[in-house]
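Given next are the chains, with one letter for each unit.
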Amino acid sequence: MTEWSFDVQTMTEPLLKITSVTKRFGGFTALDGVNLAVAQGERFGLIGPNGSGKTTLINCISGALRNEGGSIQFSGEEVSKLPAYQRTRRGIARSFQIPRPFTSMTVLENLLVPLEFVAHRNSLLRPDTRAEAMEILQSISLADKAGTPSNQLSQVELRKMELARAMAARPRLLISDEAMAGLSGNEIDEVLGILFKLNETGITIIMIEHIMQAVMRFSQRVVCLDAGKIICEGTPTTIVANADVQRAYLGA
Amino acid sequence: MKTNGYGFWIGSAVVLALACIAAATIKNEYYFFAAYIVVQFVVLATAWNILGGYAGYVNFGTSAFFGVGAYIAVMLIKWMNLPLGLQIVAAACVGGALGFAVGLLTLRLRGIFFSIATVAVTIILETAVINWRFVGGATGVQILRPPVMEPFDSYTKMLFVCAVILAIIAVAIARYIETSWIGRGLRAIRDNEEAAECTGVPTLKLKLAACAISGALMSAAGAPLAMYQSFVEPASAFNLTYSVSALAMPIIGGTSHWIGPVIGALLLGTVQQVVTVTISSELNVLVVGVLLVVFVVGAPQGIVGLFVKLREKIKGKNI
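J.: Can you explain the interface of chain A and chain B? Please cite residues and give values.
T.: The partner chain B presents 19 residues to the 22 residues of chain A that form the contact. Both faces combined, the contact of chain A with chain B buries some 1,800 Å², and carbon together with sulfur accounts for 63% of it. Among the residues of chain A in contact with chain B, A:Y85, A:F102 and A:F117 are the three that bury the most area, contributing 34% of the side total. In this assembly, chain A and chain B are joined by two salt bridges. In this structure, A:R100 engages B:E194 in a salt bridge whose closest nitrogen and oxygen atoms are separated by 3.6 Å. At the junction of chain A and chain B, the tally comes to nine residue pairs in polar contact (both at pLDDT 80 or more). For the side of chain A that touches chain B, the elements supplying multiple residues, two or more each, are α3 (84-90) and α4 (107-119) of chain A. Counting residues per element, the side of chain A that touches chain B draws most heavily on α4(A), which supplies seven residues.

J.: Can you lay out the pairing of strand β8 (residues 204-208) of chain A for me, pointing to particular residues and giving the numbers?
T.: Residue and element names in this part refer to chain A. The buried fraction of β8 is high, at five of five residues. Burial along β8 is two-sided: the face carrying T204, I206 and I208 and the face carrying I205 and M207 are both buried. Note that strand β3 (residues 43-47) and β8 share four bridges and pair parallel. Paired with G45 across the two strands is M207, which belongs to β8.

J.: Explain a nonpolar patch on the surface to me, using residue names and the numbers behind them.
T.: Where nonpolar side chains cluster on the molecular surface, the patch consists of B:Y6, B:I10, B:V14, B:L18 and B:I21 and spans about 570 Å² of accessible area. Looking at where B:V14 falls in the secondary structure, it is placed in helix α1 (residues 5-25).

J.: Any chance you could break down unusual backbone geometry for me, citing the residues and the numbers?
T.: For A:S20, which is not glycine, the phi torsion reads 35° and is therefore positive. In this fold, A:S20 is placed in strand β1 (residues 16-25). Classification of A:S20 by relative accessible area gives partly exposed; the value is 35%. Unusually for a residue other than glycine, B:N81 sits at a positive phi of about 55°. Mapped onto the secondary structure, B:N81 falls in the loop between α3 (62-80) and α4 (84-106). With a relative accessible area of 56%, B:N81 lands in the exposed category.

J.: Requested: an account of the environment of A:A84, with residues and values cited.
T.: Within the secondary structure layout, A:A84 lies in helix α3. Exposure remark for A:A84: the relative accessible area of 4% places this residue in the buried category. Look past the residues within four positions of A:A84 in its chain and what remains in contact with it is A:S62, A:G63, A:A64 and B:E197.

J.: I'd like to hear about the packing of aromatic side chains, residue by residue, with values.
T.: Summed over the entire model, instances satisfying the criterion amount to 14 aromatic pairs over all chains. Ring geometry for B:F33 versus B:Y228: centroids 4.6 Å apart, planes at 20°, classification stacked. Here the residue B:F33 occupies a position in helix α2 (residues 29-54), and B:Y228 occupies one in helix α10 (residues 225-229), the gap between them amounting to 195 residues. Their ring planes at 35° and their centres at 6.2 Å tell us that B:W132 and B:F134 sit as a pair that is tilted. A relative accessible area of 37% means that B:W132 is categorised as partly exposed. Owing to a relative accessible area of 30%, B:F134 belongs among the partly exposed residues under this scheme. Ring pairs connect the aromatic residues B:Y30, B:F33, B:Y36 and B:Y228, which therefore count as one cluster. A:R43 extends its terminal NZ or CZ atom over the ring of A:F218, reaching a point 5.7 Å from the ring centre. Sitting above the plane of the A:F102 ring, A:R165 keeps its charged end 4.5 Å from the centroid.

J.: Hey, could you go over the confidence of the model for chain B for me, with residue numbers and the actual values?
T.: Chain-level pLDDT for chain B is 88 on average; 98% of the residues reach the 70-or-more range. Averaged pLDDT values over the elements of chain B bottom out at 83 in helix α15 (residues 302-318) of chain B and peak at 94 in helix α9 (residues 203-222) of chain B.

J.: Could you give me a rundown of the sheet that holds β3(A), with the residues and numbers involved?
T.: All names here are of chain A. Judged by pairing direction, the sheet is mixed, and its six strands sit side by side in the order β6-β7-β8-β3-β9-β10 without closing on themselves. Each edge of the open sheet carries a strand with a single partner, namely β6 (92-94) and β10 (229-234). Pairs of neighbouring strands in the sheet enclose a mean axial angle of 20°, with direction left out of account. Pairing geometry for β6 and strand β7 (residues 173-177), over three bridges, is parallel. Each residue of the ladder has a partner; that of I92, found in β7, is L173. Together, β3, β9 (221-226) and β10 form the strand contacts of helix α10 (residues 243-250), whose direction differs from that of β10 by roughly 130°.

J.: Tell me about helix α5 (residues 129-139) of chain A, residues and numbers included.
T.: Residue and element names in this part refer to chain A. Every buried residue belonging to α5 is among T129, E132, A133, I136 and L137, and all of these are buried. All buried residues of α5 lie within an arc of 140° about the axis, which places them on one face of the element. Set apart from the buried face of α5 by more than 90 degrees, the exposed residues are E135 and Q138. Along its buried surface, α5 packs onto α4 and α6 (155-168). Downstream of α5 by one or two residues, S141 has phi in the positive range, about 45°.

What counts, and where the lines are drawn
Residues numbered from 1 in each chain as written. Chains lettered and ligands numbered in written order. Predicted model: local features only at pLDDT ≥ 70, side-chain atom pairs only at ≥ 80, totals over all residues. Heavy atoms only, no water. Contact = heavy atoms within 4.5 Å. Buried area = accessible area lost by both parts, 1.4 Å probe. Salt bridge = Lys/Arg side-chain N within 4 Å of Asp/Glu carboxyl O. Polar contact = N/O pair within 3.5 Å; in protein donor to acceptor, adjacent residues only side chain to side chain. Helix = DSSP H or I, 4+ residues; strand = E, 2+ residues; numbered from the N terminus. Buried < 20%, exposed > 50% of the residue type's maximum accessible area, 1.4 Å probe, protein only. Pairing = 2+ DSSP bridges. Patch = residues over 30% accessible without salt bridge, like charges linked within 9 Å, V, L, I, M, F, W, Y side chains within 5 Å. Areas by Shrake-Rupley, 256 points an atom, 1.4 Å probe, with all protein chains shown as cover. Phe/Tyr/Trp six-rings, centres within 6.5 Å; stacked < 30°, edge-to-face > 60°. Lys NZ or Arg CZ within 6 Å of the ring centre and 35° of its normal. pLDDT = per-residue confidence, 0-100. Axes fitted to C-alpha atoms, helices over the stretch in contact; angles between N-to-C directions. Arc of directions from axis to C-beta.

Spelled out as structure tokens, the structure:
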């Protein structure tokens, strides 16, 4: 065990605590008693070969799927029975592996959805949500596309818009599901920069990624899933050196 | 395409005034008899569009709600002889409750599965009414019209003005939904339901609300049918052509803007009436089918979409 993960364990209350979460699809066990704790403000990496259950796990956290056994606690509260929109309102936001823009809306309008339904849902005075959306777009240099229909964006713009839309929900935990898939080197750096900046503002980030360089650069701690089970946990350097991880990825 | 609030209400007042003036000056009652049907379709198409257009849930059950509205009116006439206004209000309440209940059962289904479930609702309700003696069963029931209220000189004219008021209310509600946060939530649901839920949209609640409002308006549109025909029978009150027309009109007019269903209903409804009189009443179903195919293939955004494209072209030339 490294010094860093020791710190996490001594923390009184992790932001996200997953205890023996199980998910089956028919006879197939996608998640098999997964335990995980993510600390407030942490940069957490989740890796694993295709079909290992990464996306299933974050679907269970965000509420897109319901886990069958175990518990998911977010800042001390059990959320595993809540519908997804309630979890978003409590501070869990996510981006999608395959971007899911609201295609009939412009980029700016895409951001208005979480602003109206999460951030300002109880505001009696009508706040200037458009200005707020514009601010978020400026912070990730997407402001020039504000009026563009979201079905006319390039891949990197789509990825950035997904992150912006997640940010507009004012999350405490942001789950980035392969936000860098299909991007070029420079674009990966740009998205990584955005995530680092978000983390500096205090947002906890779980990154799921196949691009190893990116996860290893970004994460303070990495967990590797294989066939629905956590096979290894540690700092990026220990993970890369781990024999189980190498076997899972290379099949050696 | 933004219309400011005053413009809309002034427009509505003008439409209502014109309807009243027409009722006072035009003698031939047949025009009102035909116009009533067209205006009734404005209500049905607008109501359909709230769930089908904004949220993308294609409802084939318009005739279920319409028929329920008509039979609620029949029941109230037979029981207590309530006036028309109360019949409509009661029909709207029952339609809303039915929309909520049907929504709870069917809105977890998506796409074609939801549509099939709504067809089933129509068939279930029609079968129930056919087997219910009190409202006349399969043979239907005759209704005696009460004497016409002042200042109208004929019952048909009064029903026509009543339908115009209903249409204005329906369009105002649809317009409010479209321009508010509810409309944005429904659009998000149509574009991508998972993403909507994950950006904080309570998808089931919003769909239920849309289904209830839409159902209430459809039933309200059906309530005057009893008085209009002086006769109601299940096969015509629950006729599937209502479902088909209520779906075709917004698609032809354009589902993205509240004016779309209005244009579609006025256009298609009028064509149907003209065809019924000049050629045959069977042919008007064919007209709906052909126009629907033409628009789905040629102009999927409907007439509103064509208009927007044209305007963009003109703008492009000016620059």
